[in-house]
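Observations on chain architecture
Okay, here's what each chain looks like letter by letter:
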Amino acid sequence: MQVVSISSLKGGVGKTSVTTGLASAALAAGIPTLVVDLDPHADASTALGVSPDEQLDIGRMLRSPRRAHLADNVVPSGWVEHARTNGGAHGTTRPGSATPASAPAVLDVAVGSAYTGIYDRPDLGRRDLRRLSTVLAGAENYELVLVDCPPSLNGLTRMAWSASDKVTLVAEPGLFSVAGTERTMRAIQLFRQEFAPRLSPAGIVANRVRSGSAEHTFRLAEMESMFGQLLLSPHIPEQANWQQIQGAAHSIHHWPGDSAKNAAALFDALLQNLLNPGGLVPAGSVRNRSQR
C-alpha cells in the first residue's frame, strides 16, 4: 500500500481536481483506492459522489483513532456505479498490481467534514500527528491511499505527511504558486528530518497550464530549472468543463467528449509516473529560486 498526500501551500491551484483526477485514473486501472478527504471544505467528497449513511466522517474517526474501524466507515464513491453502468466495473488492472483483473472496482472515501478543522492548528504534538496513521492501520485492503490536504502547512497537512509515504505538490505556473511550492518543498525536508524520515516528495504537478500563455511558459521553464526531475509529466492543461464534471459528481474517465478523454489520458500517465519509484529524486535536489 502506498499513501500519497496531495498538498499545496496556496489555495485555488486545483489540488482537489488533481486528487480526483488521480482517483479516476486509479479506478480505471483497477487499483483499489481510498481517498481521505482531510480538507475541512470536503470538496473531494462532493466530487466523488459519496452518499454517507451512518458512517463516521474522517474528523470523527480522528477524534478516536484507536476505536474507529476504517472499514466500517468508508463510503463507496458514486463513480463505481457509473463505471459499472459503463461496463468498466472491473477496470484494466495495471501490470504489477496485486489485484486480479476480474476483481470488482474499489474506490472508497473517508468522508470529509468541517469537524476536521479542530486539528488544523500549528501546535499539534507528536501524539496528535499520529492520529491519521492510526486510522489508516485498517487500510490494508487498498493498494493506494490518496490524502487530499487543506491548502496550508498546519496540523492537518502535517498529520497527513506523518501517515504518508510520499507527498505530491500541486502548483500553477504562476509567481506566487511557484514560490509557495518552493517553501513547501523546504517544509517537507524539515518535517522529514524531525518527524517522518521515510517521507519523500513524489513530485510536483503543474496544473491549469495554458499553452498560449507566455507567463505560463516562462514559469514552467523556471520550475524545471528549480525542481528538475521532481516536476512530473505530463502537465495538466486548464480544463474548461472541469467545474461541470465535478458538479455532476462524475469521473473524468466517464465524461463524454474528446476534451475529457484527453484529460483522462493525461491523468493515466500522471498516475503511472507518480507510482513509479524510479522517478523519485532526493528532496535536497531543490535548487534556489530564480528571480524574474
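Residues numbered from 1 in each chain as written. Predicted model: local features only at pLDDT ≥ 70, side-chain atom pairs only at ≥ 80, totals over all residues. Heavy atoms only, no water.

1. Here's the deal with the packing of helix H9 (residues 175-194) against helix H10 (residues 214-227)
Where we set the bar: Here an axis means a line fitted to C-alpha atoms, over the contact stretch when the element is a helix, while the angle between two N-to-C directions is reported on a 0 to 180 degree scale. Where helices and strands are cited, they refer to DSSP runs of H or I of at least four residues and of E of at least two residues respectively, numbered from the N terminus. Angle categories are assigned with fixed cut-offs, so that under 35 degrees is roughly parallel, over 145 is roughly antiparallel, 65 to 115 is roughly perpendicular, and the rest are oblique. The handedness criterion is simple: a crossing whose near helix is rotated anticlockwise from the far helix by less than a right angle is left-handed, and one whose near helix is rotated clockwise is right-handed. Any two residues whose heavy atoms approach within 4.5 Å at even a single point are treated as in contact.
In the contact formed by H9 and H10, the axes pass within 10 Å of each other and the chain directions differ by 15 degrees. Judged on the interaxial angle alone, H10 and H9 are roughly parallel. By crossing handedness, the relation of H9 to H10 is classed as right-handed. Across the interface between the two elements, Leu175, Val178, Thr181, Glu182 and Met185 of H9 pack against Glu215, Arg219, Glu222, Met223, Met226 and Phe227 of H10.

2. As for the side chain of His216
Residue position: His216 is located in helix H10. With residues near it in sequence (within four places) discarded, His216 still touches Pro173, Arg208, Val209 and Arg210.

3. Notes on the sheet that holds strand S7 (residues 200-206)
Note the following rule: Following DSSP output, two strands are said to pair if at least two bridges run between them.
Spatial ordering of the open sheet is given by S3-S4-S2-S5-S1-S6-S7, a layout of 7 strands whose pairing is mixed. Of all the strands in the sheet, just strand S3 (75-76) and S7 have a single pairing partner and so form its edges. Bridge count for strand S2 (residues 33-37) against strand S5 (residues 144-148) is 5 bridges, and the pairing is parallel. By the bridge assignment, Val35 is partnered in S5 with Leu146. Each of strand S1 (2-7), S2, strand S4 (107-110), S5, strand S6 (166-171) and S7 touches helix H1 (residues 15-29); the most contacted strand, S5, lies at about 165 degrees to it.

4. Quick notes on the packing of H1 against helix H5 (residues 78-85)
In plain terms, the rule: Gly falls in the polar group here, along with every residue not listed as nonpolar (Ala, Val, Leu, Ile, Met, Phe, Trp, Tyr, Cys, Pro) or charged (Asp, Glu, Lys, Arg).
Orientation of H1 relative to H5, taken along the N-to-C sense of each, is 40 degrees, at an axis distance of 11 Å. Here H1 is positioned oblique relative to H5, judged by the angle of their axes. For the pair H1 and H5, the crossing hand works out as right-handed. Of the residues in H5, those touching H1 at Thr20, Ala23, Ser24 and Leu27 are Trp79, Val80 and Ala83. Looking at the contact of H1 with H5, its residues break down into 5 nonpolar, 2 polar and no charged.

5. What about the pattern of salt bridges?
This is how it is decided: Salt bridges are defined as contacts in which a side-chain nitrogen from Lys or Arg sits within 4 Å of a carboxyl oxygen from Asp or Glu. Burial classification: accessible surface area is computed with a 1.4 Å probe over protein chains only, and a residue below 20% of its type maximum counts as buried, one above 50% as exposed, and the rest as partly exposed.
Under the counting rule described, the total for this entry stands at 10 salt bridges. Between Asp123 and Arg121 there is a salt bridge, with its nearest N and O atoms 2.9 Å apart. A salt bridge links Arg131 to Asp128, with the nearest nitrogen and oxygen atoms 2.8 Å apart. Take Arg131: its relative accessible area is 17%, and that puts it in the buried class. Counted as one network, the salt bridges with shared partners bring together Arg121, Asp123, Asp128 and Arg131.

6. Points about H9
Counting along an α-helix, one turn takes 3.6 residues, and residues three or four places apart therefore face a common direction. Inclusion rule: One fewer than the residue count of a helix, multiplied by 1.5 Å, yields its expected span.
Taking 1.5 Å per residue, 20 residues should reach 28 Å; H9 reaches 29 Å between its end C-alpha atoms and fits that length. Along H9, the residues that are buried comprise Ser177, Val178, Ala179, Gly180, Thr181, Glu182, Thr184, Met185, Ala187, Ile188, Gln189 and Phe191.

7. Side note on the layout of surface pockets
To be explicit about the condition: Cavities and pockets were defined on a 1 Å grid built from protein atoms only: a cavity is a group of points that admits a 1.4 Å probe but offers it no way out, a pocket is an open group of points flanked by protein on both sides within 12 Å along at least five of seven lines, and a lining residue is one with an atom within 4 Å of any such point. Grid points are joined across faces, edges and corners, and a volume is the space filled by probe spheres set on the points.
Size it by volume and the second largest pocket reaches roughly 290 Å³. Forming the boundary of the second largest pocket are 18 residues, of which Gly14, Lys15, Thr16, Asp39 and Asp43 lie nearest the centre. When contributions to the lining of the second largest pocket are tallied by element, the ones reaching two or more residues are H1, helix H2 (43-47) and helix H11 (242-247). A class-by-class count of the residues in the lining of the second largest pocket yields 3 nonpolar, 10 polar and 5 charged.

8. A short note on the packing of aromatic side chains
Aromatic ring pairs are reported here in terms of the distance separating the ring centres and the angle at which the planes meet. Worth spelling out the cut-off: Centres within 6.5 Å are what make two rings of Phe, Tyr or Trp a pair, Trp counting through its six-membered ring; a difference in plane orientation under 30 degrees is then read as stacked, over 60 as edge-to-face, and the rest as tilted. Charge over a ring is defined by NZ of Lys or CZ of Arg lying within 6 Å of the ring centre and within 35 degrees of the ring normal.
Under the criterion given, the structure shown has 3 aromatic pairs. Their ring planes at 35 degrees and their centres at 5.0 Å tell us that Phe191 and Phe195 sit as a pair that is tilted. Relative accessible area serves as the criterion here: at 5%, Phe191 is assigned to the buried category. Residue classification places Phe195 among the partly exposed residues on the basis of a relative accessible area of 24%. On the numbers, 5.9 Å between centres and 35 degrees between planes, the contact of Trp242 with Phe267 is tilted. Taken together, the positions of Trp242 in helix H11 and Phe267 in helix H12 (residues 258-275) put the pair 25 residues apart, joining distant regions of the chain. Relative accessible area serves as the criterion here: at 10%, Trp242 is assigned to the buried category. The class for Phe267 is buried, based on a relative accessible area of 1%. Among the aromatic residues, ring-to-ring pairing joins Trp161, Phe191 and Phe195 into one connected group. When the ring centre of Tyr115 is taken as reference, the NZ or CZ atom of Arg60 above it lies at 4.4 Å.

Coordinates in, geometry out; function isn't part of it.
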